[in-house]
Every structure is written in C-alpha cells, then in structure tokens.
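# A structural walkthrough
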Amino acid sequence: MEWLIRTGTTLLIVAVGFILGPVLKKGIIKLSKNASDKGALTFIGSGVSLLTKIAGIIIALSQLGVNTNVIVGAFSAAGLGISLALKDNMANVAGGMQILFTRPFMVGDYISVENKEGTVVRIELMFTVVKTPSAQEIIVPNSLMVQEIIINYSRDEYRRISLQFPVSISTDVQALREICIDILKKDSSVIMEKPYEVIIDRMDERSIWMGVYCWTKFDEYWDTYHRLYDAIQKNRFTQTIEPPYESVQILDKS
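What this report covers is the structure whose coordinates are included nearby. Please read these numbers as outputs of a predicted model, since none were measured by experiment.

## Quick notes on the packing of aromatic side chains
- Evaluated as defined, the whole model comprises 6 aromatic pairs.
- A centroid spacing of 6.1 Å and a plane angle of 50° characterise the contact between Tyr-110 and Tyr-153, whose relative ring orientation is tilted. Here the residue Tyr-110 occupies a position in strand 1 (residues 110–113), and Tyr-153 occupies one in the loop between strand 5 (150–152) and strand 6 (158–168), the gap between them amounting to 43 residues.
- Seen from their ring centres, Tyr-225 and Tyr-229 are 5.4 Å apart, and the 85° between their planes marks the pair as edge-to-face. Here Tyr-225 pairs with Tyr-229, and both are found in helix 7 (residues 221–238), just 4 residues apart, close to one helical turn.
- A residue is classified by how much of its surface remains accessible, and Tyr-225, at 18% relative accessible area, is buried.
- Grouped by ring-pair contacts, the aromatic residues Tyr-221, Trp-222, Tyr-225 and Tyr-229 constitute a single cluster.
- Over the ring of Trp-215 we find Lys-194; its NZ or CZ atom is 4.9 Å from the centre of that ring.
- Its end group placed over the ring of Trp-209, Arg-202 keeps NZ or CZ at 4.4 Å from the ring centre.

So, in structure tokens, the structure goes:
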C-alpha cells in the first residue's frame with residue numbers, strides 16, 4: 001500500500017512539473033507585453049519551463065528513495081553527454097544568450113536575415129521566430145542569428161527604397177529620368193529633403209537597367225515601394241517607353 005502511495009505521489013509530482021512548466025512560461029510571456037525587452041522574458045520563460053520539468057523529475061525520484069546527490073550527479077553526467085551529442089542545440093542556447101546580452105535586435109524589430117525579412121515576434125531558448133509581411137513564421141536557430149549578417153531596419157526612422165527595371169537600349173534616358181523624378185515628387189511619402197537619384201545601374205547590348213533610389217519613413221516603406229513601382233509601370237505605357245527585347249534572327253532554309 002505504501003509503495004502505491006509513493007508511486008502515485010511520484011507520478012503526481014512529475015505531472016505537476018510538466019504542467020507547471022508551460023504555465024510559468026505563459027505567465028512570463030504575458031509579463032513581456034508591458035516589458036521593454038520582450039525577448040529576454042520569452043527566453044527566460046523557455047528556460048524556466050525546462051528547469052521546472054527537470055526539478056519535478058528530481059523531486060519525484062527522491063520520493064522513491066533515490067539519493068538526491070546521485071540524481072543530481074546522474075543529471076550532470078547525462079547533461080554532459082547530451083551536450084556533446086547535441087552540441088548544435090547548445091550552440092543555439094549560447095546564441096540566444098548572446099542575443100540577449102548584445103541586443104542586435106529585440107522583439108518587435110523589423111530585420112533581414114538570410115534574404116528573409118520580417119518582424120521578430122519571439123526569442124526562444126534555441127530559436128528566434130520572425131514573422132514575414134505575408135504572415136509566415138520563420139524559425140531561425142539562434143546560432144545562425146549570431147553568425148549571419150543581420151540588418152535591423154527598426155533602428156532608423158527612415159528606409160531607403162531601391163527600384164530597378166529594364167528598358168530598351170534605344171530609350172531616351174534623360175526623358176525617362178525626368179518622368180521618374182516627377183513621380184517621386186508627386187508621392188507625399190517620398191522624402192525629397194533626403195538624397196534621391198534616378199541613374200543607369202547597368203546596361204548590355206539589348207537593355208538598360210534603370211535604378212530609382214529615394215527615402216521614406218520606415219513604417220511607410222512597403223506601401224510606398226509598391227506605389228512607386230505601379231506609377232513607373234503606368235508611365236512606361238503612357239509614355240511609350242519600350243521594354244528590352246530579344247533580337248530575332250530568321251534563318252534562310254532554302
């Protein structure tokens with residue numbers, strides 16, 4: 001009978017540990033809504049959840065009469081073995097700690113990593129979650145976040161727009177430049193007080209690649225970006241600006 005009571009108590013403690021861990025994590029994450037550094041609290045929440053589960057297992061085993069020192073030693077040995085086997089995961093944990101201490105970005109920042117852009121929504125124990133403008137969640141290992149080149153657009157109030165498009169090699173570049181500058185001036189989101197330019201980016205035998213560069217406010221970037229592209233495309237038709245074309249050779253088969 002006593003053995004059944006101990007076994008039941010042990011299972012109950014383990015269950016409490018595995019239930020309490022996620023609950024504590026959710027509670028800590030809720031606190032992050034009003035915190036200045038949300039990433040730190042989401043990271044801590046992940047760690048607290050894991051430690052609570054481990055503590056539940058240790059306490060449960062001690063209820064069965066297992067020596068606590070032996071348990072701790074076993075966990076230490078197991079931890080060492082797991083660390084060696086899962087060194088990449090440990091690198092992710094270390095990367096998460098580096099992110100929290102150096103703060104290259106925080107939750108809510110809009111960043112670019114590995115040619116992907118989005119808003120940082122969570123910094124977990126081993127990975128960071130980035131949400132793209134199309135509402136897709138990208139899971140990036142923390143070790144990769146500290147190794148790759150990251151662009152943090154949220155650190156500046158303004159963002160530079162870069163538009164490139166091809167036109168025919170016979171295009172009147174000066175006339176096209178005036179059309180594009182007129183488009184920039186008519187768009188209220190384009191900050192004309194900051195440097196802007198319409199230039200030839202590159203050219204080959206068949207086409208000229210034009211580049212339009214200007215500045216807008218960070219939170220108006222995408223709307224302005226697409227609006228300018230639409231305006232340029234409409235003017236290409238109304239002003240009969242020819243797109244590049246492939247030369248066609250007709251072979252005489254007679």
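## Describing unusual backbone geometry
- In the Ramachandran plot, Arg-103 falls in the positive-phi region, its phi being about 50° despite a non-glycine side chain.
- Residue placement: Arg-103 occurs in the loop between helix 4 (87–102) and strand 1.
- Residue Arg-103 is classed as partly exposed on the basis of its relative accessible area of 42%.
- Positive phi, close to 50°, is recorded for Glu-114, a residue that is not glycine.
- Residue placement: Glu-114 occurs in the loop between strand 1 and strand 2 (116–123).

## Some thoughts on the pattern of salt bridges
- Applying the stated criterion to the full structure yields 5 salt bridges.
- Close ionic contact of Arg-122 with Glu-124 constitutes a salt bridge, the shortest N to O distance being 3.0 Å.
- Residue class for Glu-124 comes out buried when judged on its relative accessible area of 5%.
- A salt bridge links Asp-187 to Arg-227; the nearest nitrogen and oxygen atoms lie 2.8 Å apart. Of this pair, Asp-187 sits in the loop between helix 6 (173–186) and strand 7 (197–203) while Arg-227 is found in helix 7, placing the two residues 40 residues apart along the sequence.
- Using a relative accessible area of 35% as the deciding quantity, one classes Arg-227 as partly exposed.

## What about the sheet that holds strand 6?
- Spatially, 6-8-7 is the arrangement adopted by the 3 strands of the open sheet, whose pairing is antiparallel. A strand with exactly one partner marks an edge of an open sheet, and here the two such strands are strand 6 and strand 7. Taking the axes of each pair of neighbouring strands and ignoring which way they run, one obtains an average angle of 25° across the sheet.
- The pairing of strand 7 with strand 8 (residues 207–217) spans 6 bridges and is antiparallel. By the bridge assignment, Glu-197 is partnered in strand 8 with Tyr-213.

Cut-off values and rules
- Residues numbered from 1 in each chain as written.
- Predicted model: local features only at pLDDT ≥ 70, side-chain atom pairs only at ≥ 80, totals over all residues.
- Heavy atoms only, no water.
- Phe/Tyr/Trp six-rings, centres within 6.5 Å; stacked < 30°, edge-to-face > 60°.
- Helix = DSSP H or I, 4+ residues; strand = E, 2+ residues; numbered from the N terminus.
- Buried < 20%, exposed > 50% of the residue type's maximum accessible area, 1.4 Å probe, protein only.
- Lys NZ or Arg CZ within 6 Å of the ring centre and 35° of its normal.
- Salt bridge = Lys/Arg side-chain N within 4 Å of Asp/Glu carboxyl O.
- Pairing = 2+ DSSP bridges.
- Axes fitted to C-alpha atoms, helices over the stretch in contact; angles between N-to-C directions.

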